[in-house]
Amino acid sequence: MRVGIFGGGVVGGGVYEIIKKCMGNGKFPKLGANIEIIKICVRSLNKPRDYTVGSECEFVTDYGAILNDGSIDTVVEVMGGTTHAKDVVMQAIAAGKHVVTANKALVATCLPEIKEALAKAPSVKFAYEAAVCGGIPIIHALQSDFMCDDVTRVLGIMNGTTNFMLCKMEDEGAAYEAVLKEAQDLGFAEADPTADVEGLDVQAKIALLANLAYGVVVPTTTIPTAGISQIASVDFEYAKTLKSTIKLIGCATKSSAGDGSLAVYVAPMVVPLTSPLASAKGAGNMVVLNSENNTQSILAGPGAGRYPTANSVVADLLRLSLEQVPTPFPMETDIALDNDYDGEFYVRVNCRDRLGIIKSVGEAAEKAGVSVHAILQNPISNHENFDFVVTTERCKLSNVNAFAEAIEGADFALSMPLVMPILG
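Everything numeric in this text was worked out from a predicted model, so none of it was measured.

Undergrad: Break down helix H9 (residues 176-185) for me, with residues and values.
TA: For H9, every residue scored as buried is listed here: Tyr-176, Val-179, Leu-180 and Ala-183. The buried residues of H9 occupy an angular sector of 105° when the element is viewed end-on, so they sit on one face. Of the residues in H9, the exposed ones pointing more than 90 degrees away from the buried face are Glu-177, Lys-181 and Asp-185. The first or second residue beyond H9 is Gly-187, which carries a positive phi of 85°.

Undergrad: Describe the sheet that holds strand S1 (residues 2-6), listing the residues and the values that go with them.
TA: Spatially, S3-S2-S1-S4-S5-S6 is the arrangement adopted by the six strands of the open sheet, whose pairing is parallel. One side of each edge strand has no neighbouring strand; the edge strands of this open sheet are strand S3 (58-60) and strand S6 (126-127). As paired strands, S1 and strand S4 (residues 74-77) are joined by four bridges and run parallel to one another. By the bridge assignment for S4, Ile-5 is matched with Val-76. Running over the sheet, helix H4 (residues 84-94) touches S1, S4, strand S5 (98-101) and S6 and is turned about 165° from S4.

Undergrad: Please set out the layout of surface pockets residue by residue, giving values where relevant.
TA: Considering only enclosed or pocket space, the second largest pocket measures out at about 480 Å³ in volume. The wall of the second largest pocket is formed by 23 residues, among which Ala-226, Gln-230, Pro-417, Leu-418 and Val-419 lie closest to the centre. Secondary structure elements with two or more residues in the lining of the second largest pocket: strand S9 (262-272), strand S12 (342-351), helix H15 (397-408) and strand S16 (418-422). Along the lines of polarity and charge, the residues of the lining of the second largest pocket split into 13 nonpolar, seven polar and three charged.

Undergrad: Could you give an account of empty space enclosed by the protein, naming the residues involved and the relevant values?
TA: In this structure the tally under the stated criterion is two cavities of 30 Å³ or more. Approximately 50 Å³ is the volume found for the largest cavity. Lining the largest cavity, in full, are Phe-126, Ala-127, Tyr-128, Glu-129, Ile-139, His-140, Gln-143, Asp-316, Arg-319, Val-325 and Pro-326. At the level of elements, S6, helix H7 (138-145) and helix H13 (306-321) are the ones that each hand at least two residues to the lining of the largest cavity. The dominant element in the lining of the largest cavity, judged by the number of residues it contributes, is H7, at three residues. When its volume is computed, the second largest cavity comes out at roughly 30 Å³. If you trace the second largest cavity, you find it lined by Ala-108, Leu-111, Ala-207, Leu-208, Val-217 and Val-218. Its residues assigned to classes, the lining of the second largest cavity comprises six nonpolar, no polar and no charged.

Undergrad: I'd like to hear about the state of the cysteines, residue by residue, with values.
TA: Applying the stated rule across the entire model yields zero disulfides. Lacking any disulfide linkage, Cys-167 is separated from the closest cysteine sulfur, that of Cys-133, by 15 Å. Residue Cys-167 is classed as buried on the basis of its relative accessible area of 6%. With no disulfide of its own, Cys-251 lies closest to Cys-133 among cysteine sulfurs, the gap being 14 Å. The exposure class assigned to Cys-251 is buried, which follows from its relative accessible area of 1%.

Undergrad: Before we move on, can you summarise the pattern of salt bridges with the specific residues and values?
TA: Taken as a whole and assessed by the stated rule, the structure comprises 21 salt bridges. Between Asp-69 and Lys-39 there is a salt bridge; the shortest N-O distance is 2.9 Å. Linking Asp-69 in the loop between helix H3 (64-67) and S4 with Lys-39 in strand S2 (residues 36-41), this pair joins segments that are 30 residues apart in sequence. The same class applies to Asp-69 and to Lys-39, which are both buried. When the shortest N-O distance is used, the salt bridge between Asp-342 and Arg-394 registers 3.0 Å. Of this pair, Asp-342 sits in strand S12 while Arg-394 sits in the loop between strand S14 (386-392) and strand S15 (395-396), and the two are 52 residues apart along the sequence. Owing to a relative accessible area of 52%, Arg-394 belongs among the exposed residues under this scheme. Linked through salt bridges whose partners overlap, the residues forming this network are Glu-17, Asp-50 and Arg-306.

Cut-offs used in this document
- Residues numbered from 1 in each chain as written.
- Predicted model: local features only at pLDDT ≥ 70, side-chain atom pairs only at ≥ 80, totals over all residues.
- Heavy atoms only, no water.
- Buried < 20%, exposed > 50% of the residue type's maximum accessible area, 1.4 Å probe, protein only.
- Helix = DSSP H or I, 4+ residues; strand = E, 2+ residues; numbered from the N terminus.
- Arc of directions from axis to C-beta.
- Pairing = 2+ DSSP bridges.
- Contact = heavy atoms within 4.5 Å.
- Axes fitted to C-alpha atoms, helices over the stretch in contact; angles between N-to-C directions.
- 1 Å grid on protein atoms, 1.4 Å probe; cavity = no way out; pocket = protein on both sides within 12 Å on 5 of 7 lines; lining within 4 Å.
- Points joined across faces, edges and corners; volume = space filled by probe spheres on them.
- Nonpolar A, V, L, I, M, F, W, Y, C, P; charged D, E, K, R; others polar.
- Disulfide = S-S within 2.5 Å.
- Salt bridge = Lys/Arg side-chain N within 4 Å of Asp/Glu carboxyl O.

Just distances and angles here, no functional claims.
Here it is as structure tokens:
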């Protein structure tokens, strides 16, 4: 197998190093695999790199140096984005070259186009294990190991940056702004952290897992998505009262109403301490699969980083070399999407003290079709700015959002209430 890599940064360098090591120590040849990295396409030839390549490999800056090289049969795309990366992937498929990518945004947003291109090039193999949860083999598991099972729910912590931040807020009582700066200083968060903290990264990942588990294309624009930027230390105080913690979760679940519909969403959730997800600490990722045969399966590990992500890319290359690549999108169904999901919710109200607040909240809940389960309130130290929490009985997302909007319009409210599902 002769490979050209697009992207010579952190992950691209890791892919080269792992291939070089496993070929050099005889591990891959003993398995019957022969993989060579021939060219690596980069933006600049003069940029310093923390790895060196042998004489068999060269750095290039022209896409055509790989795409038009008839001796290269496989393309690895680790450049990221959905513009140039899309051009590279589509041209590679059209040229009959196999594709391995780590680009979750590209696969999630361009899935129909990718499937159409692959249908026109039936000999081309397409693999994307590294696109979701770094080194965790969740893609391969859903492509093969769960084909004889019926998955009822996929949910998980799929972004290490936000999990690191939430753990810091919980363990140290730190404010959101402080933990975001620390995450940026440590290199976990980008200078523009929007994709991480507003849930967009998880949005693309859960769209892919939903397609694998249920065979339906889920447009990312249809996925209700909330991030962690509105989470405050007081939320962890109330979560503790509920014997819970808070995690940013991507979820795809069949309707509990029995109509066979599928709900796909991203939100910070109140997670009971009894849930496996509550134990995920630091920058790690964890995915929990509920299914009929296996009941509950848990996959956990590093969700990002040079070698975990590169390991997943190389695993795809190895399977490709051994002709063991599974069908990339094995199922296609007409299951209906209904992202107005139902559940129990946590609603934190930030307000100034006055008479009749609880009465007003109760009336707003009744008007919105929401049944209040409990009201939690810490002792008030500042009557001009305090928080209390309403937990609801099971209701629709649209109902609880209408409830929150009604509270926001009340004269006692200082901001839009924070709404979080409670994991059941």
